[in-house]
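One letter stands for each residue in the lines below.
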Amino acid sequence: MLRALLGRWRSSLRFLRPADVSAARAKISVTQLGHRYGNKVVALKDVDLNVRSGEFVCLLGPSGCGKSTLLYALAGHVRPTGGTVSIDGQSIGGPGPDRLLMFQEAALFPWLTVRGNITFALAARGVPRAERKERADQYIRRVQLQGFEDTLPHQLSGGMKMRASLARALAVDPTVLLMDEPFGSLDAQTRIHMQEMLQSIWMRTHKTVVFVTHDVHEALMLGSRVVLMAPRPGRIVRDLEVHLPMPRHPDDAALTEMVRHIQGLLREVERDSVPEPEFPHASSTEAPSAVLPVSGMPRPAR
Ligand SMILES: Nc1ncnc2c1ncn2[C@@H]1O[C@H](COP(=O)(O)OP(=O)(O)OP(=O)(O)O)[C@@H](O)[C@H]1O
């Protein structure tokens, strides 16, 4: 029984080398990316990553390994001190409408209803007025918020706010969805529900997603690929393709075994990381702690 289980999770995990996903065919291509903040912290060093169209890539690693810095470099909010980021072969010089960044906070306009928040974002993207309501309602149904179209954000639970934010992100239909621990502030039950919902939406849309998390279970619930990062300096140490069938169930035995294996890898990574001297943080005003999201809405304080 145990042997069969081990066989299943091992055959569901494939280690990738950078050359396995060619830059020429990648949707997102990151080459030799480095970033040093003004306070001398090397947040990223020599990061190479190619993401294919339609992949769900989870960036996973301990605090401070540069996950958010990498995500904000993809969004165009961090201007890396070295290397390049390209989308569809075009080097990016800043934020663009092809990428949308979602945060742990739902970042809804409090004076607009659920539908109003979505139609506002559609208007900002130039969607004709006649299409906005129908499109908003379509995505409201997709995140199971029907009946709450005219509700204001303060009347919603945390999970519902996040669903509204997800509906807004999907409705504007960015080429790439960038998510920074979006479910981090939700309770365990709501978090699982959001993961299942996002998973079923992704299975239907196959949108290219880059999702930051430090939760191994979440990464394996969602990711078609899991990229492990290590700190000091921030870098990629493993790139894993996950072939567990979808939809995945949070209690699936093979998934649970895989979680244990990756937790072991992360412990090794932490052990092998050289501690870096403490640098003052407060004087720096650089992203990711002070950025504007791609959607153009003010980024809430982290
Ligand atoms: N604005 C900033 N100015 C200076 N240093 C920063 C800034 N933002 C992040 N750092 C440093 O860069 C390194 C990487 O930070 P980053 O937030 O990208 O890591 P992370 O893996 O996303 O961490 P967490 O999971 O805690 O959010 C850390 O050492 C952090 O202290």
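These numbers were taken from a predicted model, which means no experiment stands behind them.

A. Summary view of unusual backbone geometry. Cis peptide bonds are those with omega within 30 degrees of zero, and the linkage from Arg 232 to Pro 233 qualifies with -5 degrees. The residue Pro 233 is located in the loop between strand E10 (225-230) and strand E11 (235-242) in this model. Of note, the bond from Met 246 into Pro 247 is cis; its omega dihedral lies within 30 degrees of zero at 0 degrees. Positionally, Pro 247 belongs in the loop between E11 and helix H8 (253-272). One non-glycine residue, Glu 181, adopts positive backbone phi at about 40 degrees. Relative to the helices and strands, Glu 181 resides in the loop between strand E8 (176-180) and helix H6 (188-205). Classification of Glu 181 by C-beta neighbours within 10 Å gives partly exposed; the count is 19.

B. The arrangement of the packing of helix H3 (residues 114-124) against helix H5 (residues 158-171) in detail. Here H3 crosses H5 at 25 degrees, and the two axes come no closer than 9 Å. Here H3 lies roughly parallel to H5, going by the angle between them. Handedness of the H3/H5 crossing: right-handed. Facing H3, whose interface residues are Val 114, Asn 117, Ile 118, Ala 121 and Leu 122, H5 presents Ala 164, Ala 167, Arg 168 and Ala 171. Considering only residue class, the contact of H3 with H5 consists of seven nonpolar, one polar and one charged.

C. A look at the sheet that holds strand E3 (residues 42-51). On the basis of which strands lie adjacent, the open sheet formed by four strands has the order E3-E2-E5-E6 and antiparallel pairing. Pairing within the sheet leaves two strands with one partner each, and these edge strands are E3 and strand E6 (90-91). Bridging between strand E2 (residues 28-36) and strand E5 (residues 82-87) involves five bridges; their strand directions are antiparallel. Among the inter-strand pairings, Gly 34 is bridged to a residue of E5, identified as Gly 82.

D. Examining the packing of helix H4 (residues 129-142) against H5 more closely. Remark: H4 packs on H5, axes separated minimally by 9 Å, with the N-to-C direction vectors making an angle of 130 degrees. Compared by their axis directions, H4 and H5 come out oblique. For the pair H4 and H5, the sense of crossing is right-handed. In contact with Arg 135, Ala 136, Tyr 139, Ile 140 and Arg 142 of H4, H5 contributes Ala 167, Leu 170 and Ala 171.

E. Here's a closer look at H6. Here H6 contains 18 residues, and its C-alpha end-to-end distance of 26 Å stays within 8% of the 26 Å for a straight helix at 1.5 Å per residue. Where the residues of H6 are buried, they touch strand E4 (56-60), H5, strand E9 (208-213) and helix H7 (216-222). Phi turns positive one or two residues past the end of H6, at His 206, with a value near 45 degrees.

F. Quick look at the pairing of E5. Looking at chain direction, E5 and E6 are connected through two bridges and run antiparallel. For Ile 87, the partnering residue across the bridge sits in E6 and is Gln 90. In this structure, the hairpin formed by E5 and E6 is closed by a connection of two residues, where Asp 88 is found at a positive phi of approximately 50 degrees.

G. Broad picture of the pairing of E9. Most of E9 sits out of view: six of its six residues are buried. A two-sided burial pattern is seen for E9, the buried positions comprising Thr 208, Val 210 and Val 212 on one face and Val 209, Phe 211 and Thr 213 on the other. The sheet contact formed by E4 and E9 spans five bridges and is parallel. For Leu 59, the partnering residue across the bridge sits in E9 and is Val 212.

Calculation notes
Residues numbered from 1 in each chain as written. Predicted model: local features only at pLDDT ≥ 70, side-chain atom pairs only at ≥ 80, totals over all residues. Helix = DSSP H or I, 4+ residues; strand = E, 2+ residues; numbered from the N terminus. Buried ≥ 20, exposed ≤ 12 C-beta atoms within 10 Å, placed from the backbone. Axes fitted to C-alpha atoms, helices over the stretch in contact; angles between N-to-C directions. Parallel < 35°, antiparallel > 145°, perpendicular 65-115°, else oblique. Left-handed = near helix turned anticlockwise from the far one by under 90°. Contact = placed C-beta atoms within 7 Å. Nonpolar A, V, L, I, M, F, W, Y, C, P; charged D, E, K, R; others polar. Pairing = 2+ DSSP bridges. Expected span 1.5 Å × (residues − 1).

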